[in-house]
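Residue-level listing of the chains:
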Amino acid sequence: MKKFLSVISIFIFILGFGQIDNIADGESITLRIHYGFLNAGTANLTAQKTTFKGAPHLHVRGTGQTTGAVRAFFKVEDFYESYINMQTELPSFYVRNVREGSYRQHLETTFNHDNNTLVLTDKKTPANGSKVIKSVKGVQDMLSCFYYLRSKTATELRTGTVINMNVWIDDEMFPFQLKVVGTENLDTKFGTINCLKIIPSVKSGRVFKEKEGVTMWVSNDANHIPILLKAELAVGSLKASIDGYKNVKYPLKFTK
């Protein structure tokens, strides 16, 4: 269960470049989290257009929390935040502030894409101060990559496509590879919808059971909304399914 929003974030985000013009101002997506047979919690993603440091940005937030019986013995309250520059299509500022049982972490990252560096600040332990870290060209954070995925065209996400990426997570850079393996019709609480099936290759051992222990499905349309995500963890399995959505730019094609 620990870091369940991190798990979701890790395997739904990819690196890419495209116009972020398919996100409506005020969009909200909610996922229901299941850990094994337990209804474990919820995760929510919101997006708003704003100005950050004088430039137009997409301000995205991700929250996650345990609910019900799971919350009684393991309390999770996770908050993620990213400001994505609408002109460069790269993240400018990223926050990870999580409370998971007795675990606490509050990190802030400022990206400098001109010289491929970033500044990491430990807000939980101010005495640690800030440090400058060498980065790579086009690096994304956990939230910004999700919106790049959604900006991809049907051609860029056709079956057989393989995409390599670098994603900044917590205080480390992680290489990922993503494969589009086909399409499937999935049943949801809203009806049946056609989806792209995508398998990311992730670093095993820390969180996941296998290198390719993760599968995700996104709507096969211009929205690329996450519909279902499954992960075989080092201990147990996790599933996240769409539970609600608001202000989505294009109609989702659910059939009864």
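How each quantity is defined
- Residues numbered from 1 in each chain as written.
- Predicted model: local features only at pLDDT ≥ 70, side-chain atom pairs only at ≥ 80, totals over all residues.
- Heavy atoms only, no water.
- Helix = DSSP H or I, 4+ residues; strand = E, 2+ residues; numbered from the N terminus.
- Salt bridge = Lys/Arg side-chain N within 4 Å of Asp/Glu carboxyl O.
- Buried < 20%, exposed > 50% of the residue type's maximum accessible area, 1.4 Å probe, protein only.
- Core = buried A, V, L, I, M, F, W, Y, C linked by side-chain atoms within 4.5 Å.
- Contact = heavy atoms within 4.5 Å.
- pLDDT = per-residue confidence, 0-100.
- Polar contact = N/O pair within 3.5 Å; in protein donor to acceptor, adjacent residues only side chain to side chain.

Trainee: Whenever I open this one, unusual backbone geometry confuses me. Can you help?
Mentor: In most cases, non-glycine residues show a negative phi, while peptide bonds are predominantly trans. A positive phi is found at Lys 53, a non-glycine position, where the angle reads about 55°. One can find Lys 53 in the loop between β2 (38–52) and β3 (55–66). Phi angles above zero are rare outside glycine, and His 224 is one such case at about 55°. Mapped onto the elements of the fold, His 224 is located in the loop between β13 (214–219) and β14 (226–232).

Trainee: How do you make sense of the pattern of salt bridges when you look at a structure like this?
Mentor: For side chains bearing opposite charge, pairing can occur when the charged atoms are close. This model, assessed by the stated rule, comprises 8 salt bridges. Across the pair Glu 81 and Arg 61 runs a salt bridge, and its minimum N-O distance is 3.8 Å. With a gap of 20 residues between them, Glu 81 in strand β4 (residues 76–85) and Arg 61 in strand β3 connect regions that are remote in the sequence. Classification of Glu 81 by relative accessible area gives buried; the value is 13%. Across the salt bridge formed by Glu 77 and Lys 75, the nearest N and O atoms sit 3.8 Å from each other. Taking relative accessible area as the criterion, Glu 77 reaches 34% and is therefore assigned partly exposed. Bridged by salt links that share partners, the residues Arg 32, Lys 189 and Asp 243 form one connected network.

Trainee: What's the story with the nonpolar core in this structure? I'm lost.
Mentor: Soluble globular proteins tend to pack their nonpolar side chains together in the buried interior. Leu 58, Tyr 147 and Ile 198 are the most contacted members of the largest nonpolar core, which has 61 residues in total. The residues touching Tyr 147, leaving out its near neighbours within four places in the chain, are Ile 23, Glu 27, Leu 45, Thr 46, Ala 47, Leu 58, Val 60 and Ile 84.

Trainee: Please explain the confidence of the model for the chain as it appears in this structure.
Mentor: Segments scoring low in pLDDT should not have their predicted coordinates read at a detailed level. For the chain, the mean per-residue pLDDT works out to 85, and 88% of the residues sit at or above 70. Ranking the elements of the chain by mean pLDDT puts helix α1 (residues 4–12) last, at 46, and strand β7 (residues 117–122) first, at 96. The low-confidence segment residues 1–5, where pLDDT is below 50, has 24 contacts with residues more than four positions distant or belonging to other chains.

Trainee: How should I be thinking about the environment of Asp 221 in this particular structure?
Mentor: By secondary structure assignment, the location of Asp 221 is in the loop between β13 and β14. The residues touching Asp 221, leaving out its near neighbours within four places in the chain, are Pro 251 and Leu 252. Among the polar contacts made by the side chain of Asp 221, one reaches the main-chain amide nitrogen of Asn 223 at a distance of 2.9 Å.

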